[in-house]
Each structure stands twice: as structure tokens, then as C-alpha cells.
Amino acid sequence: MKHYYLLLSLILTNTYSFAQKENFSYKFYGFVRGDLFYNTRANMAPVDGNFYLFPLNESLDANGKDLNATPNGSFYTFTTRLGMDVQGPQIGTARSSAKVETDFGGFSASTTMLRIRQAYVALDWTRSQLLIGQTWHPLFGSVMPDMLNLSTGAPFQPFNRSPQIRYQYRKDKLKLTASALWQLQYLSSGPKGMSEDYIKNSCVPELYAGADFISGKEWLVGAGIHLISLTPRAVSEWNDKKYKVDERMTTFSYEAHARYTGEKFSIAAKTIMASALDQTALLGGYGVKRVDASTGEQEYTPFRHATSWLNITYGKKWKPGLFVGYTKNLGTNDPLVSADKVYGLGLAIDQLLTFNAAFSYNLPNWLIGFEYCPATAWYGQICSATGKVVNSQAVTNHRFLGMVMYYF
């Protein structure tokens, strides 16, 4: 009798599960990827060297030898990815859907771990969409480089996935986007390092508004504006006393992008006037411009960086590609209290120039590619009067990448 009860319970459970999933459809996707790389010197490259950004400055030992002029390389598979797209039932006049995407690129102290890349729900109407969850930052946008390196054009192309509420409206050839974003995995810099506290304590999310003009499958041209408002500190320790302070750093960034996609030929470009966008893997940050003598409360000024990239590819099965990225430090709006009281990424770099020459062999479900990337960074001293970098000297890294991917 117990066996019959168990069988009946299983049947009822499966019937209930089927009824719950009756109006849903699921599509799994992903890839297995391996990256083999070699660098001629030490670099700023998170994710254990896979997410390559720029070469590190010289660090001289007692004999005047550069400690960072040491080659390195490795082979990894932790960027292997698995995702699921879900199509759900109608909710009123809206089509419901969801996405969950993960890989193994979340690092602990000793190993890789599973992490969320994207996780969101969406409602789609005839002309509009509401998305709630974590997905690509709108500055990553609909125009990004086609290249092999995991960093996908960073630190020239914004790279960031964030929790957000996004609304898009499209009519004819025009698409409008408005987003409110918070931080989780990609964080702003500040007095206590990289932390989500600066945006959390601010109580003001990152805000983005943009527009795209789309003509068929060939042309896409657009622009956007971004606001970030951070609270670097809530408490000041000054003259051996603690004070409650009201600090805020607010600034705007602006971007424009374009892409042409032909049958075999494609060309894409983006230019950004970036301000404190280090949470998107761009060079940038902010510094202290004033300190209250009685409480130690600080006021801040953002660094400005002009960043542009151009990407050209040709072919389908055999596919060569070229990427060029350039960033220039334009300094700060106001003088700094000290060149040491600054927070951000790559602030001692005056200019950064990178080339990527790639070649890939593409088959159904397979991609095999090679990429060569020389990158030069001009390092110097931050001038407190302007925030610009002076007395710069160049350091160069040569990066070689081989990649194989089986996708499904």
C-alpha cells in the first residue's frame, strides 16, 4: 500500500509541475571556451589575467630594474557560459519573458565560482519593453567591438552588467532608452577602495537616457547621457574625532556610437566624454578639491577622459578584424587638494593606445581565433592644479591570445 501512495504522490507532483509550466517555453544556450594568452609584461588584468586592460607602470628595484617587465601567460576555461531564455504567458497585452545566464568567472580567495551574469524579467508590448533585473549597462549598448579578448574593448568600450530598471520605446526607426541602475559586481572607487556603499548611501541610482536611429539591418546611430551621484563618506575622522558629514560627487558623461553592418563587412565606433566611469572598466575617477578645516568634510571633482574606439571586420568563415582604442586624460574641473587624494582606475595614465589584430575561423558551433594586441600607456605624475598627467613616459605590452569556443 505504501508503494501505491508513493506512486500516486509522484504522479500528482509531476502533474502539478507540468500544469505550472504549461505556458512556458525554455531555450538553453551557451559555450565552452578556452583562452591561451601570453604577455610580455605585468598588466592590469582582473579575472586572473583574462580580463586584459592596460600595461602596468614601471616599478624599479634597488638596481634600477623594472619589476613589472616580467612575461606571464596561462590557459583558462572558466569563461565557459550557460544561459536560459524563458518565454512565459501573456500578462494583459504584454508578452512575458526572463533570462538567467551564468559562468564560472566569479573569483574567491582560492578558486573560481559560479556567478550570475544576467538575471531579469521583461514585459514586451508592441512598441515598448520594461526590463527589471541584471543585464548589460546601457553604456555597453547596442554597439560593441567584435573581437576575441574577453574584455571586449575595455578600457575604451564600457564593460558592465548591473541591476537595473530599464524602459525602451520604439517607433519606426527611433528607439528610446531610459535606465536606473545600481551596483553589485562592477563597483565605483572611493576612500575605502571599490565598494557598492558609495552608490547605496547616495540613494540616487545611476541614470541613463539615450536614443538610437536604426535603418534596416545596416545602420545604427545613437547617443546617450549618463549621471552618477556618489556618497564617498558618511563619517569623517578628523583631529582624532569623528564627525557626521554630508558628502556627494555628482557628474555627467556623454557618448555617441555608430555601426554599419553589410553582408561581409562591418564597421563600428564609439566615443565617450567619460567622467568617473571606472565602474564600467574605463579609466577615470575623482579626487578631493576641498577639505573643511573644522570637520574634515570633503568636496570632490571628477576626472574627465576622452575615449574612442574603431572596429572593422570582414568575412564570415575566415574573418580578420582590427580594433583601435585611444584614451586621453583631460584633467579635473577644479584643482585638487593633493595628487594623493584621488580615487579611480588608471589616473596616472596620460594617454593609452591599443591595437588589436584578430583572425578567426568560424564554423557552425565552432570558433577558433588568434589575436595580437600591442598596448602603450604613458604614465606620469598627476598635477594637482589641473588633474592632468605630466612628465609622462611610455610602457608597452605585447599580448598574444589564442581562443577556441564550441557554442550551442
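As the structure is a computational prediction, the values presented were derived from the model and not from experiment.

Turning to the packing of aromatic side chains, a few remarks are in order. What the rule picks out here adds up to 18 aromatic pairs. With a centroid separation of 4.8 Å and an interplanar angle of 70°, the aromatic rings of Phe51 and Phe159 are classed as edge-to-face. Here Phe51 is found in the loop between strand E2 (43-44) and strand E3 (54-55), whereas its partner Phe159 is found in the loop between strand E8 (128-136) and strand E9 (161-171), with 108 residues between them in sequence. For Phe51, a relative accessible area of 8% translates into the label buried. Here Phe159 falls in the buried class, since its relative accessible area comes to 6%. A centroid spacing of 5.1 Å and a plane angle of 90° characterise the contact between Trp136 and Phe159, whose relative ring orientation is edge-to-face.

Here we come to the environment of Met44. Looking at the secondary structure, you find Met44 in strand E2. Expressed as a C-alpha distance, the spacing of Met44 and Arg248, which sit 204 residues apart in the sequence, is 28 Å. Excluding residues within four positions of it along the chain, Met44 makes contact with Phe51, Tyr52, Leu53, Phe54, Leu56 and Leu345.

With 9 bridges joining them, strand E1 (residues 25-39) and strand E23 (residues 389-407) adopt antiparallel strand pairing. Bridge pairing in E23 links Val32 to Tyr406. Sheet analysis places strand E22 (residues 366-382) next to E23, joined by 16 bridges and oriented antiparallel. The residue of E23 that forms the bridge with Cys373 is Arg399.

Within the largest apolar cluster, 24 residues are counted, with the highest numbers of intra-cluster contacts made by Phe51, Leu53, Phe54, Phe159, Ile349 and Leu352. Elements supplying a minimum of two residues to this core: strand E21 (349-363) and E22. Contact partners of Leu352, with chain neighbours within four places excluded, come to Phe54, Pro55, Pro155, Phe156, Leu283, Gly325, Tyr326, Thr327, Thr376, Ala377 and Trp378.

Rules used throughout
Residues numbered from 1 in each chain as written. Predicted model: local features only at pLDDT ≥ 70, side-chain atom pairs only at ≥ 80, totals over all residues. Heavy atoms only, no water. Phe/Tyr/Trp six-rings, centres within 6.5 Å; stacked < 30°, edge-to-face > 60°. Helix = DSSP H or I, 4+ residues; strand = E, 2+ residues; numbered from the N terminus. Buried < 20%, exposed > 50% of the residue type's maximum accessible area, 1.4 Å probe, protein only. Contact = heavy atoms within 4.5 Å. Pairing = 2+ DSSP bridges. Core = buried A, V, L, I, M, F, W, Y, C linked by side-chain atoms within 4.5 Å.

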